[in-house]
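Letter by letter, the chains look like this.
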Amino acid sequence: MIRKDQFQSSSKENVWLWLTKIITGLSIVIFLAIHFIVNHLIAPEGLLSYADILAYYSYPIVPVMEAGFLVLVVSHSFLGIRSIILDLNPAAKVMRVINGLLIALGSAAILYGLWLLIVLVGRSTNL
Amino acid sequence: MNNNDPSSHHFLRWFDPRHKSIGTIAFIINRFSALGLTVYLILHLVVLSKLASGGQAYDEFLILAKSPVIKIGEMFVIAGGIIHGANGVRIALNSFGFLVKIQKELFIGLMILSLAIIFYFGVHMFSGAQN
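Everything numeric here is computed off the predicted structure, so don't read it as measured data. (Residues numbered from 1 in each chain as written. Chains lettered and ligands numbered in written order. Predicted model: local features only at pLDDT ≥ 70, side-chain atom pairs only at ≥ 80, totals over all residues. Heavy atoms only, no water.)

Can you walk me through the overall build of chain B in this structure?
Scanning chain B from terminus to terminus reveals 5 helices and 0 strands. Mapped in sequence order, the helices and strands of chain B form the string α-α-α-α-α. Here chain B holds 131 residues, and the buried ones make up 33% of them. Taking as baseline every contact in chain B between residues at least 6 positions apart, the subset at least 24 positions apart corresponds to 61%. As displayed, chain B offers around 8200 Å² of accessible surface, 71% of which is attributable to carbon and sulfur atoms. (Helix = DSSP H or I, 4+ residues; strand = E, 2+ residues; numbered from the N terminus. Buried < 20%, exposed > 50% of the residue type's maximum accessible area, 1.4 Å probe, protein only. Contact = heavy atoms within 4.5 Å. Areas by Shrake-Rupley, 256 points an atom, 1.4 Å probe, with all protein chains shown as cover.)

The structure is reproduced here in structure tokens:
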């Protein structure tokens, strides 16, 4: 069982949000390692053209992995921005507005990325 | 207010490297690399809209992406990602109580390792191995 007092988070940051930031961060490091192995060792030339990318997305695991990566990166990034803003000690009212903005922008970025993935998968199946 | 309490008035101190402990320098590096990578994430998502525009638009963008200016920008992103990732692993380890006593040495070691990896990527990118 996880106890809140086991961890050291920034003074004003909710401990569960802080823990989410740490877990998403470590997951991104693992995802990036896989990305570099795939793109630089297995496919040393990388994904060079639009046709290469569509062919890459025709493997079912790829869009699932990319969707997961998108959610992890956006979540980690926006939680990190929130931590930096908290360092500037804003008023509670201002922070509520910032929280709303970050949730809206983060959700929009994830939805946009998922839409793009669906478009690419649709085109790759028509190859 | 204590001198070290968080405040927007202390923001400019991030840009002053004097009289800083190694822990504070690690903290500042982590924050700056995070801001840089977030800007890149937004730019990356915007640029990927070219994929939705079709093959011609994306392939035209790829020609632009091979210019030296974009490559130098990519190098900054790679450097920022490696440094932020390595520093983040240290923060995670220390936060869960691992290697706390050697956190300064761990930071220095990880930064040396990061520089070596960045150097490898730099040579790989600019030697023409990845055109």
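When you look at the packing of aromatic side chains in this model, what are you seeing that I'm missing?
Residue and element names in this part refer to chain A. With the rule as written, the count across this model stands at 6 aromatic pairs over all chains. Their ring planes at 35° and their centres at 5.5 Å tell us that Phe 31 and Phe 69 sit as a pair that is tilted. In this pair, Phe 31 sits in helix α1 (residues 15–42) while Phe 69 sits in helix α3 (residues 61–87), placing the two residues 38 residues apart along the sequence. (Phe/Tyr/Trp six-rings, centres within 6.5 Å; stacked < 30°, edge-to-face > 60°.)

I'm lost on the interface of chain A and chain B in this one. Help?
The figure often quoted for interface size is the accessible area lost as the parts come together. Across the boundary between the two partners, chain A contributes 32 residues, which contact 35 residues of chain B. Both sides of the chain A and chain B interface together cover about 2900 Å² of buried area, and 69% of this is carbon and sulfur. At the boundary of chain A with chain B, the tally comes to 1 salt bridge. Between A:Asp87 and B:Arg31 there is a salt bridge, with the nearest N and O atoms lying 2.6 Å from each other. The tally of links from chain A across to chain B stands at 7 residue pairs in polar contact (both at pLDDT 80 or more). Mapped onto the side of chain A that touches chain B, the elements with two or more residues apiece are α1, α2 (50–57), α3 and α4 (92–125) of chain A. (Buried area = accessible area lost by both parts, 1.4 Å probe. Salt bridge = Lys/Arg side-chain N within 4 Å of Asp/Glu carboxyl O. Polar contact = N/O pair within 3.5 Å; in protein donor to acceptor, adjacent residues only side chain to side chain.)

What is the right way to read the packing of α3(A) against helix α1 (residues 22–47) of chain B from this model?
Two packed helices can be described by the angle between their axes and the distance between those axes. Direction vectors running N to C along α3(A) and α1(B) enclose 135°, while the axes themselves pass 10 Å from each other. Taken as axis vectors, α3(A) and α1(B) run oblique relative to one another. Along this stretch, α3(A) crosses α1(B), giving a crossing that reads as left-handed. Contacts between α3(A) and α1(B) involve A:Leu70, A:Val73, A:Val74, A:Ser77, A:Ile81, A:Ser83, A:Ile84 and A:Asp87 from the former and B:Phe27, B:Arg31, B:Ala34, B:Leu35, B:Thr38, B:Leu41 and B:Leu45 from the latter. In terms of residue class, the contact of α3(A) with α1(B) is built from 10 nonpolar, 3 polar and 2 charged. (Axes fitted to C-alpha atoms, helices over the stretch in contact; angles between N-to-C directions. Parallel < 35°, antiparallel > 145°, perpendicular 65-115°, else oblique. Left-handed = near helix turned anticlockwise from the far one by under 90°. Nonpolar A, V, L, I, M, F, W, Y, C, P; charged D, E, K, R; others polar.)

How should I be thinking about a nonpolar patch on the surface in this particular structure?
There is a patch of nonpolar side chains on the surface, built from B:Phe96, B:Phe98, B:Leu99 and B:Ile102 and spanning about 370 Å² of accessible area. Here B:Phe96 lies in the loop between α4 (68–95) and α5 (103–126). (Patch = residues over 30% accessible without salt bridge, like charges linked within 9 Å, V, L, I, M, F, W, Y side chains within 5 Å.)

I would appreciate a short explanation of α2(A) in the present structure.
Those residues of α2(A) that sit buried are A:Tyr50, A:Ile53, A:Leu54, A:Tyr56 and A:Tyr57. Axial view of α2(A): buried residues confined to an arc of 160°, hence all on one face. (Arc of directions from axis to C-beta.)

Would you explain the environment of B:Ile82 in this entry?
Residue and element names in this part refer to chain B. As for its position among the elements, Ile 82 is in helix α4. Here Ile 82 falls in the buried class, since its relative accessible area comes to 16%. Separated by 49 residues in the primary sequence, Ile 82 and Ser 33 have C-alpha atoms spaced 9.5 Å apart.

For this particular structure, what's the right way to read the layout of surface pockets?
Space left empty within the atom packing is revealed by a probe, the size of a water molecule, rolled over the atoms. Residues and elements named next belong to chain A. What the second largest pocket holds in volume is close to 210 Å³. In this structure, the second largest pocket is lined by Leu 17, Val 74, Ser 75, Phe 78, Leu 79, Arg 82, Asn 99, Leu 102, Ile 103, Gly 106, Ser 107 and Ile 110. Counting only elements with at least two residues in the lining of the second largest pocket, the list comes to α3 and α4. It is α4 that contributes the most residues to the lining of the second largest pocket, 6 residues altogether. Its residues placed into classes, the lining of the second largest pocket shows 7 nonpolar, 4 polar and 1 charged. (1 Å grid on protein atoms, 1.4 Å probe; cavity = no way out; pocket = protein on both sides within 12 Å on 5 of 7 lines; lining within 4 Å. Points joined across faces, edges and corners; volume = space filled by probe spheres on them.)

Explain the side chain of B:Asn87 here, please?
Note that B:Asn87 resides in helix α4. Among all residues touching B:Asn87, those that are not within four sequence positions of it are B:Ala26, B:Ile29, B:Asn30, B:Phe107 and B:Met111.

In short, shape yes, function no, at least from these values alone.
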